[in-house]
Amino acid sequence: MYPLDKKENCGVFGILGHENAVGLTYLALYSLQHRGEESCGIAVINDEGKISQHTGMGLVPDVFNKDVLESLSGRNAIGHVRYSTTGSSILKNAQPFVISHHKFSVSIAHNGNLTNAVKLKRDLETKGSIFQTTMDSEVVLHLLVRSKKKEIEDRLIEALKDCDGSYSMAVLSEDKLIGVRDPYGFRPLCIGYKDKSYVLASETCALDLIGADFIREVLPGEVVVISKEGIRSIRPFPKRCTSQCIFEYIYFARPDSSIFGDSVYDVRERLGIELAKHHSIKADIVISIPDSGNYAAVGYAKESCIPFEFGMIRNHYVGRTFIQPSQAMRSHSVKIKLNPIKSVLRGKNVIVVEDSIVRGTTTGSRIKTLIEAGVKKIHMRITCPPIKFPCFYGIDFPSRKELIANELSIPEIAEFIKVDSLEYLTLEEMLNAVGKNRDKFCTACFNGVYPTKVHKKTSKSVLEEK
Ligand code: 5GP
Ligand code: MG
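Not measured: the values here are computed from a predicted model.

Conventions and cut-offs
- Residues numbered from 1 in each chain as written.
- Chains lettered and ligands numbered in written order.
- Predicted model: local features only at pLDDT ≥ 70, side-chain atom pairs only at ≥ 80, totals over all residues.
- Heavy atoms only, no water.
- Helix = DSSP H or I, 4+ residues; strand = E, 2+ residues; numbered from the N terminus.
- Buried < 20%, exposed > 50% of the residue type's maximum accessible area, 1.4 Å probe, protein only.
- Contact = heavy atoms within 4.5 Å.
- Areas by Shrake-Rupley, 256 points an atom, 1.4 Å probe, with all protein chains shown as cover.
- Lys, Arg positive; Asp, Glu negative; His and termini not counted.
- Charge placed at Lys NZ, Arg CZ, Asp CG, Glu CD.
- pLDDT = per-residue confidence, 0-100.
- Disulfide = S-S within 2.5 Å.
- Near = heavy atom within 4 Å.
- Polar contact = N/O pair within 3.5 Å; in protein donor to acceptor, adjacent residues only side chain to side chain.
- Salt bridge = Lys/Arg side-chain N within 4 Å of Asp/Glu carboxyl O.
- Pairing = 2+ DSSP bridges.
- Right-handed = clockwise from strand over helix to strand, strands pointing away.
- Axes fitted to C-alpha atoms, helices over the stretch in contact; angles between N-to-C directions.
- Core = buried A, V, L, I, M, F, W, Y, C linked by side-chain atoms within 4.5 Å.

Here the focus is the overall build of the protein. In terms of regular secondary structure, the protein is built from 18 helices and 23 strands. Residues classed as buried in the protein amount to 62% of the 466 residues present. Looking at the protein alone, contacts between residues at least 24 apart form 70% of all its contacts between residues at least 6 apart. Counting only carbon and sulfur atoms, one obtains 52% of the accessible surface of the protein, whose full area is about 18,600 Å². If you average the places of the 62 positive and of the 55 negative side-chain charges in the protein, the two averages end up 3 Å apart.

Written out as structure tokens, the structure reads:
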């Protein structure tokens, strides 16, 4: 049994030397909202080195208003949207974290999950560190403060050399913005340029929104140091096998972003094409479960020449169903989120394209509503293989026994969710659809092959242990 947190990914953003740093960070966080709906925050450092910050629980528009934004002044800012991968859902864990030390001020926004945080925290506490939060990311700040190096980037590098797991980070000091991606490159991070200022963002959709040009992605294991002098690249870590999270393509990233060198939309469409090639069946229409299944459903319809229809309409005023900490809340929001269109579905043989099945509970209740709407037959097609193993690098997968594919065979899952047929892409087919750099992805959730050593005690319960 793996002690695991049932929590999720995050989004980060940073900008250095811009008049409207706070306003642009606020906008960028809007476009990264899908990466975390639990809490968000902005930290700013002004030209005198004074650091200020505002964080809160909830969505970007819940946490920030005009007054709050006006109270944050400075030309250098970082921002964060969070759903916790480690640490609990409380305000003190909201990021960016800020520290003011007699030598420097620094702020950090982290996307990822440090798999040895528990051990590092224990060691640090033994040496006298006092932790303010239950977040794995705080460990990095304590290590950074203890470093004897002079420059902030060297302190950060020394700190990260002790850290295992996944991290894409934006770190802000008085005069530098630092972007770093762990040596495996699990999570995305890119560099943009706006009005003579460099920016960092988890996804390119944030650059699009603020009108920044895309420069390039931060490379796995790369540290980019942005200052008045420009941008400098350092490769301080031992080289590792690139293991980008394939689930960013399957589900997590926004389809209008480009990550890991390819358009998320295009990859999803190709996943649908691959499904139609290898898992075809006769039917009247192809539908998706919105929104995540939409793009692959378009691909499936194109390849199969079966018409695509909108079979369900999404209520856009409901948050993402998984981002509700309790099971009771989750099942509640499933019902209010999607409504089937009876006139489209009644009496039809339907292919339902979906990106993934995790627990099977949401899918089961959605299928039920399709049956109630009068479909004749349901053939479900999934754009990835069965998810059988937990993620230690930041995706919200539950413990093994809650993963339906770990407990049931594919025919048993079909019976459980009440579909007439159920097929998944194989690992090989999924990687074929990804195409470019197909050997540079982490597929641990499908095959249990973890690219890093797995530290068993990574759960929040252990992090919070007294
Ligand atoms: P399940 O049937 O396993 O309960 O839910 C499957 C649905 O959850 C799919 O529609 C899929 O798009 C969505 N999903 C998959 N992974 C995640 C995740 O990490 N977070 C959220 N919010 N939804 C997810
Ligand atoms: Mg979905």
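This brings us to the confidence of the model for the protein. Put simply, the protein has an average pLDDT of 91, and 91% of its residues get 70 or more. Every residue in residues 1-8 is under pLDDT 50, and counting partners more than four places away or in other chains gives 44 contacts. pLDDT under 50 marks residues 459-466. Its contacts with residues more than four places away, or in other chains, come to 22 contacts.

Applying the stated criterion across every chain yields a total of 0 disulfides. Here Cys245 is not cross-linked by a disulfide; its sulfur's nearest cysteine counterpart is in Cys391, at 5.9 Å. Among the residues examined, Cys245 registers a relative accessible area of 7% and is labelled buried. Assessed through its relative accessible area of 11%, Cys391 is described here as buried.

The environment of ligand 1 is formed by 17 residues, the closest being Glu354, Asp355, Val358, Thr362 and Thr363. In the environment of ligand 1, an oxygen atom lies 2.6 Å from a nitrogen or oxygen atom belonging to the side chain of Asp355. Backbone polar atom of Val358 to an oxygen atom of ligand 1: 2.6 Å apart, as the coordinates give it. Within the residue set of the shell around ligand 1, elements represented by two or more residues are helix H8 (246-252) and helix H13 (361-372).

Along the chain, Glu138 turns up in helix H5 (residues 137-146). In this structure Glu138 is buried but unpaired, with Lys121 as the nearest side chain of opposite charge at 6.9 Å. A polar side-chain atom of Glu138 sits 2.9 Å from a polar atom in the side chain of His142. When sequence neighbours within four positions are dropped, the list of residues in contact with Glu138 reads Phe97, Ile130, Phe131, Gln132 and Thr133.

On any regular strand, side chains alternate: one points to one face of the sheet, the next to the other face. Within strand S20 (residues 349-354), 6 of the 6 residues are buried, which leaves it mostly tucked inside the rest of the structure. Side chains of S20 alternate between two faces, with Asn349, Ile351 and Val353 and Val350, Val352 and Glu354 buried alike. Judged from the 4 bridges that link them, strand S17 (residues 285-288) and S20 form a sheet pairing that is parallel. Within S20, the position partnered with Val286 by the bridge is Ile351. Relative to strand S21 (residues 377-382), S20 runs parallel, the two sharing 6 bridges. Within S21, the residue paired with Ile351 across the bridge is His379. In this fold, S20 hands off to H13, which returns the chain to S21; that crossover is right-handed.

Before going further, it helps to spend a moment on the environment of Gly293. Tracing the backbone shows Gly293 in the loop between S17 and helix H10 (294-304). Here Gly293 falls in the buried class, since its relative accessible area comes to 0%. Sequence separation between Gly293 and Met57 is 236 residues; the distance between their C-alpha atoms is 29 Å.

The next subject is the pattern of salt bridges. Summed over the entire model, instances satisfying the criterion amount to 25 salt bridges. Across the pair Arg254 and Asp256 runs a salt bridge whose closest N-O atoms are separated by 2.6 Å. Classification of Arg254 by relative accessible area gives partly exposed; the value is 27%. Of the charged contacts in the structure, one is a salt bridge between Asp262 and Arg270, with a shortest N-O distance of 2.8 Å.

Attention now goes to the sheet that holds strand S8 (residues 177-181). In space, the 6 strands of this open sheet follow the order S5-S6-S7-S8-S12-S13, with antiparallel pairing throughout. The sheet is open, and its two edges are formed by strand S5 (97-100) and strand S13 (230-234), each paired on a single side. Direction aside, neighbouring strands of the sheet carry axes that sit 15° apart on average. Relative to S13, strand S12 (residues 223-227) runs antiparallel, the two sharing 5 bridges. For Val225, the partnering residue across the bridge sits in S13 and is Arg232.

Before going further, it helps to spend a moment on the nonpolar core. If you look at the biggest cluster of nonpolar residues, it comprises 71 residues, and the most contacted ones within it are Leu370, Met380, Phe397 and Leu422. Other than its neighbours up to four places away in sequence, Met380 contacts Ile289, Val352, Glu354, Thr363, Ile367, Ile417, Val419, Ser421, Leu422 and Glu423. Residues Ala117, Leu124, Met135 and Val223 belong to the second largest nonpolar core, which totals 30 residues.

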